[in-house]
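Now for the letters of each chain:
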Amino acid sequence: QGSIFQTTSDTEVFAHLIRRSHAPTLKEQIKEALTFVEGAFAFLLLTETELYVALDPHGFRPLSIGRLGNAYVVASETCAFDVVGAAYEREVEPGELIVISAEGMRSERFAPAQARSICSMEYIYFARPDSNVDGINIHTARKNLGKRLALEAPVEADIVTGVPDSSISVAIG
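This structure is a prediction, so every number in the text was calculated from the model and none was measured. (Residues numbered from 1 in each chain as written. Predicted model: local features only at pLDDT ≥ 70, side-chain atom pairs only at ≥ 80, totals over all residues. Heavy atoms only, no water.)

### Quick look at the sheet that holds strand 1 (residues 42-46)
With respect to topology, 4 strands assemble into an open sheet ordered 1-2-6-7, the strand pairing being antiparallel. Sheet topology places strand 1 and strand 7 (104-109) at the edges, where each strand pairs with a single neighbour. Pairs of neighbouring strands in the sheet enclose a mean axial angle of 15 degrees, with direction left out of account. Where strand 6 (residues 96-101) and strand 7 come together, 6 bridges link them in antiparallel fashion. Counted as the bridge partner of glutamate 96 is arginine 109 from strand 7. (Pairing = 2+ DSSP bridges. Helix = DSSP H or I, 4+ residues; strand = E, 2+ residues; numbered from the N terminus. Axes fitted to C-alpha atoms, helices over the stretch in contact; angles between N-to-C directions.)

Here it is, written out as structure tokens:
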């Protein structure tokens, strides 16, 4: 069954899948839609009363939950919590659907648990150095990559510099 899309946003695919579902509740429609999508995604859907949060079954991208007073906050990088003064709570697990409402936060699975397969580019390039991904500080990970690179491919040099900025931590290592 086809769809006529009005935008170039991949988010529209979810909207069509949710709309097509015959499940009795919005939560069940979202869970059904999420099972049809393959690949990396971090999904958030805000309604008048609930925030739905989901991560793909392999956990390719980081997605974390924090607390700001009595409220929950969700971000793709933990450094965002520092900026707004929120406290990190936990990472969203691969294949997990979280529903946040006035009653609190509820968690369930939309896909079987699988081992996290975080994209290596998060550690190398994507994530900010002041973020933590899968419990690992990005700046520290990049410094360790630089140390390992120096051991595996030593060169005589007076100075090592990082280009682009994301490789400065590697150069420090």
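### As for the nonpolar core
Within the largest apolar cluster, 14 residues are counted, with the highest numbers of intra-cluster contacts made by Ile30, Leu34, Phe41, Phe43, Leu97 and Phe110. Looking at this core, the elements that each hand over two or more residues are helix 1 (11-20), helix 2 (26-36), strand 2 (50-55) and strand 6. Residue contributions to this core peak at 3 residues, all from helix 2. Aside from chain neighbours lying at most four places away, what touches phenylalanine 43 is Phe14, Ile18, Ile30, Leu34, Tyr52, Val53 and Ala54. Listed in part, the 8 residues of the second largest apolar core include Val53, Val92, Ile98 and Ile100. (Core = buried A, V, L, I, M, F, W, Y, C linked by side-chain atoms within 4.5 Å. Buried < 20%, exposed > 50% of the residue type's maximum accessible area, 1.4 Å probe, protein only. Contact = heavy atoms within 4.5 Å.)

### Brief notes about the side chain of serine 101
Locating serine 101 in the fold gives a position in strand 6. For serine 101, a relative accessible area of 13% corresponds to the buried category. Here the side chain of serine 101 touches glutamate 103 through a polar contact of 3.1 Å, side chain to side chain. Ignoring any residue separated from it by four or fewer positions in sequence, one finds serine 101 in contact with Thr49, Glu50 and Arg106. (Polar contact = N/O pair within 3.5 Å; in protein donor to acceptor, adjacent residues only side chain to side chain.)

### Remarks on the environment of valine 155
Counting through the fold element by element, valine 155 comes out in the loop between helix 5 (138-152) and helix 6 (168-172). Placed 88 residues apart in sequence, valine 155 and arginine 67 show a C-alpha to C-alpha distance of 46 Å.

### Some words on a nonpolar patch on the surface
Where nonpolar side chains cluster on the molecular surface, the patch consists of Met121, Ile124, Tyr125, Phe126 and Leu145 and spans about 450 Å² of accessible area. It is helix 4 (residues 120-126) that contributes the most residues to the nonpolar patch, 4 residues altogether. In this structure, phenylalanine 126 sits in helix 4. (Patch = residues over 30% accessible without salt bridge, like charges linked within 9 Å, V, L, I, M, F, W, Y side chains within 5 Å. Areas by Shrake-Rupley, 256 points an atom, 1.4 Å probe, with all protein chains shown as cover. Salt bridge = Lys/Arg side-chain N within 4 Å of Asp/Glu carboxyl O.)

### Overview of the packing of aromatic side chains
Taken as a whole and judged by the stated rule, the model has 5 aromatic pairs. Ring centres 4.7 Å apart and planes at 50 degrees place the aromatic pair phenylalanine 14 and phenylalanine 43 in the tilted group. Here phenylalanine 14, found in helix 1, pairs with phenylalanine 43, found in strand 1; they are 29 residues apart in sequence, far enough to count as distant. With respect to burial, phenylalanine 14 and phenylalanine 43 carry one shared label: buried. (Phe/Tyr/Trp six-rings, centres within 6.5 Å; stacked < 30°, edge-to-face > 60°.)

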